[in-house]
Amino acid sequence: MTQMTMATNEPSQETTDSTQQTYGVFAEFTSPSKIFKAAEAVHAAGYRWWDCLVPFPVHGLDRAMGIKPTVLPIIVFFAGLTGTMVALFLQIYTNSIELPLWLLVPVTGYQFEVSGKPLISAPAFIPVAFEMTILFACLTAVGAMFVMNGLPRLYHPVFRHPRLMRLSDDRFFVVIETRDPKYVRGETEAFLESLDPEAVDRLEA
Amino acid sequence: MTAHQVADPRFLGPIGRSMFWAFVLIGLACMVISILAGIFFTDGEVFWKSYIFAFIVVVSISLGGLFFSLLHHLTRAGWSVVIRRLAESIASNFVWLWVLFIPLWILMISGQGDILYNWVGEVAAIEAAHASADSTEASIQLVALADDHSTGAAHGDDGSHGGAHGHSLIEKKMAYLNVPFWLIRSVIYFLIWGSLAWYLFSNSVQQDADGELHWSRRLQRIAPVGMILYALTSTFAAVDWMMALNPEWFSTMWGVYFFAATCCGFFSFLIILVFVLQQTGHIKKEITHEHWQDMGKLLFAFGIVFWAYIAYSQYMLIWYANIPIETDFFLVRQLGPWFWVSIILLLGHFVVPFILLVSKHPKRQPAAMTVLACWMLLMFFLDIYWLVMPQLEDSGYAMAKIAEYDQLAKATADGTISTGYGWHVVNFTLLGGMVCLMVAGTIYRLRKCALIPIRDPWLPESLHFENM
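Residues numbered from 1 in each chain as written. Chains lettered and ligands numbered in written order. Predicted model: local features only at pLDDT ≥ 70, side-chain atom pairs only at ≥ 80, totals over all residues. Heavy atoms only, no water.

**Some points on the overall build of chain B**
Here is step 1 of the chain: Helix and strand content of chain B: 19 helices and zero strands.
Here is step 2 of the chain: Counting all 468 residues of chain B, 56% fall into the buried class.
Here is step 3 of the chain: By sequence separation, contacts in chain B at least 24 residues apart represent 84% of the contacts at least 6 residues apart.
Here is step 4 of the chain: Surface exposure of chain B reaches about 19800 Å², of which carbon and sulfur atoms provide 68%. (Helix = DSSP H or I, 4+ residues; strand = E, 2+ residues; numbered from the N terminus. Buried < 20%, exposed > 50% of the residue type's maximum accessible area, 1.4 Å probe, protein only. Contact = heavy atoms within 4.5 Å. Areas by Shrake-Rupley, 256 points an atom, 1.4 Å probe, with all protein chains shown as cover.)

In structure tokens form, the structure reads like this:
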């Protein structure tokens, strides 16, 4: 607790007069079990715009925080399906159907007979369909992960506070953002302090 | 059968005794029925083909157990410790499985092997021709033999198939494909599988007593060598026992295909075994939804997706090149009723289970996974059946050449030319008998030790395992 006052001293002096500049408040913990309990308490208190910052994966923390399963797998599944369809259309149209179409520019399929096989030969089209499925699914998985996480992002308020340097080493943090509807200045800080943290402080935006 | 009767859920307890005897009795009864039915109601071919089909099913499941145990030690895996003892027990069936192979040894030694493997007769004829004192006489005989072999070719201009040079393809394969070497190879397979399985099982059980690390280290040292031996022997066994049913045909994918089928059978069987054990109150806390999910992943990855990948790779290369000697295998499998079996395999072994299992949620539901595992086990049986049984009347290759495809399709559809299709009671009784005996053998091992390696150094890691 003495440490807390020490820490609050220097950075928060400036922020007191410019409240809208505050990104959020954080509480610092020393062990996975402590942050686990804190996460459960914050979740139970009904906060929504908050996160846990930990130096390594803590098993079960997602469940303690009440995070819903990601929708990424569903997006990836349909992206893969799209890849299959695009590949099959591309091959069947270009190799097997002489039909003029207008796809940005006028194009036409060409009936291309290969080694006496039927024009639409499913076995020949499967390798490309397979590869396109994988390609679409992979690129979508990576791309959607970036978009959903708001990446790439060059700056984040947690980079700025000196105490949060240790989040990549041996300390565990709970950060509640000020935009959370349940955030009340003073009360949220008091609530965090009730969780027995090492320190509580504001984060500047 | 209720949970509260189990004294220690880590041991099989008294229920193992009744289960063991039940499976032994059912298995032996099925075998006796099969032998009687085989003697009185079949020609030998149906019986022996059913026999090799059922035998390969039990060998596959046991080989899967061997593969999984070796893989565990090879990668020094942590999560799979709680299911490793089950895999070891399934694998240790190799200690006695060779007994079921004795009838095949007798068949081959007695010179009647031609009933099952039609190369046996041809090799014998070629050898007899070679043995004749007069060399000119021998060469005449050889030419006659080659002509006899490719009757169809004589009418056409196709010289690519043996006849032109006076040598049949079988003759060129004789250095490998002869009865003594076939017998020696099968002895080697069983020696390697039996000793590997026994080494894995006995070291693991000895660790239960003292929990010393060096038992694990011994197994980790043997694992790479064991894995190489496993890969070689299972490939060659697949070639010897299944591919040799159609001796002129070949596929370099065959060993891998057999491996994929093996994994499908083993992981399905393992999932069902875990479900039954948990339903009877065993290892409920030890094997969690996390382990269920991983067993589901392995069944999905190896048994469904990898199987389809290999099956398709084999099919596509043959389909694309379209060389008669290679297409022979798929020709018979798209004629008559086999066409529908092939379609069922495509949909039931890949498309439907792929869609059902691609998400992680069903993998974490033991009941749903068990239903799917039962289905995949049936598909695995059908897959092996589909590999072993189809056979065009006479030589498939010759038939394919003399007949136009449309004629052939018509003749096989109305049954004038047999495709080897026909459900016979021995298909089921032999399969049931051997699978029951294998289950009994697995339970016999599990009765002698804990259901999980109770003092394995990696056990705590496995117990606390979580998928991220």
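**Some words on the interface of chain B and chain A**
Here is step 1 of the chain: Of the residues lining the interface, 10 residues belong to chain B; the matching set on chain A comes to 14 residues.
Here is step 2 of the chain: Of the roughly 1100 Å² buried between chain B and chain A, counting both surfaces, carbon and sulfur atoms make up 74%.
Here is step 3 of the chain: Taken together, the links from chain B to chain A amount to one salt bridge.
Here is step 4 of the chain: Its salt-bridge partner being Glu 466 of chain B, residue Arg 63 of chain A comes within 3.5 Å of it at the nearest N-O pair.
Here is step 5 of the chain: Run the count over chain B and chain A and you get four residue pairs in polar contact (both at pLDDT 80 or more). (Buried area = accessible area lost by both parts, 1.4 Å probe. Salt bridge = Lys/Arg side-chain N within 4 Å of Asp/Glu carboxyl O. Polar contact = N/O pair within 3.5 Å; in protein donor to acceptor, adjacent residues only side chain to side chain.)

**Concerning the pattern of salt bridges**
Side chains bearing opposite charge may pair, as long as their charged atoms lie close to each other.
Here is step 1 of the chain: The final tally for this structure, using the stated rule, is 15 salt bridges over all chains.
Here is step 2 of the chain: Among the ionic pairs, Glu 28 of chain A bridges to Arg 163 of chain A, the shortest N-O distance being 2.6 Å. Of this pair, Glu 28 of chain A sits in strand β1 (residues 22–29) while Arg 163 of chain A sits in the loop between α5 (122–148) and β5 (172–177), and the two are 135 residues apart along the sequence.
Here is step 3 of the chain: Put simply, Arg 185 of chain B and Asp 240 of chain B hold a salt bridge, and the shortest N to O gap is 2.4 Å. A residue pair is termed long-range when its members are at least 10 positions apart, and Arg 185 of chain B in helix α9 (residues 179–210) and Asp 240 of chain B in helix α10 (residues 213–241) qualify at 55 residues. In terms of burial, Arg 185 of chain B and Asp 240 of chain B fall into one category: buried.
Here is step 4 of the chain: Among the charged side chains, a network of salt bridges with common partners joins Arg 84, Arg 85, Glu 88, Asp 208 and Asp 456 of chain B.

**A closer look at the nonpolar core**
Here is step 1 of the chain: Counting residues in hydrophobic clusters, the biggest one holds 137 residues, and the most contacted among them are Phe 55, Leu 66, Tyr 117, Trp 119, Trp 193 and Trp 241 of chain B.
Here is step 2 of the chain: The residues contacting Tyr 117 of chain B, other than those within four sequence positions of it, are Ile 52, Met 108, Trp 182, Asp 240, Trp 241, Ala 244 and Leu 245 of chain B.
Here is step 3 of the chain: Judged by nonpolar contacts, the second largest core, of 21 residues, contains Ala 27, Val 58, Tyr 183 and Leu 192 of chain A. (Core = buried A, V, L, I, M, F, W, Y, C linked by side-chain atoms within 4.5 Å.)

**With respect to the packing of aromatic side chains**
Residue and element names in this part refer to chain B.
Here is step 1 of the chain: Enumeration according to the criterion identifies 59 aromatic pairs over all chains in this entry.
Here is step 2 of the chain: A network of ring pairs unites the aromatic residues Phe 55, Phe 94, Phe 101, Trp 105, Tyr 117, Trp 119, Trp 182, Tyr 189, Phe 190, Trp 193 and Trp 241 as a single cluster.
Here is step 3 of the chain: Sitting above the plane of the Phe 329 ring, Arg 333 keeps its charged end 3.7 Å from the centroid. (Phe/Tyr/Trp six-rings, centres within 6.5 Å; stacked < 30°, edge-to-face > 60°. Lys NZ or Arg CZ within 6 Å of the ring centre and 35° of its normal.)

**Examining the pairing of β1 of chain A**
Residue and element names in this part refer to chain A.
Here is step 1 of the chain: Taking burial as the measure, the eight residues of β1 include eight buried ones, the bulk of the element.
Here is step 2 of the chain: Alignment of β1 against strand β6 (residues 199–204), held across six bridges, turns out to be antiparallel. Each bridged residue has a counterpart across the sheet, and for Ala 27 the counterpart in β6 is Val 200. (Pairing = 2+ DSSP bridges.)

**Describing the sheet that holds strand β2 (residues 50–53) of chain A**
Residue and element names in this part refer to chain A.
Here is step 1 of the chain: One open sheet accounts for four strands, arranged β2-β5-β1-β6; its pairing is antiparallel. Each end of this open sheet is capped by a strand with a single partner; those strands are β2 and β6. The mean inter-strand angle of the sheet, taken between neighbouring strand axes irrespective of direction, is 25°.
Here is step 2 of the chain: Across four bridges, the pairing between β2 and β5 is antiparallel. Across the sheet, residue Asp 51 finds its bridge partner in β5, namely Val 175.
Here is step 3 of the chain: In the packing of helix α2 (residues 32–44) onto the sheet, the strands contacted are β1, β2 and β5, and the crossing angle to β5 comes to about 20°. (Axes fitted to C-alpha atoms, helices over the stretch in contact; angles between N-to-C directions.)

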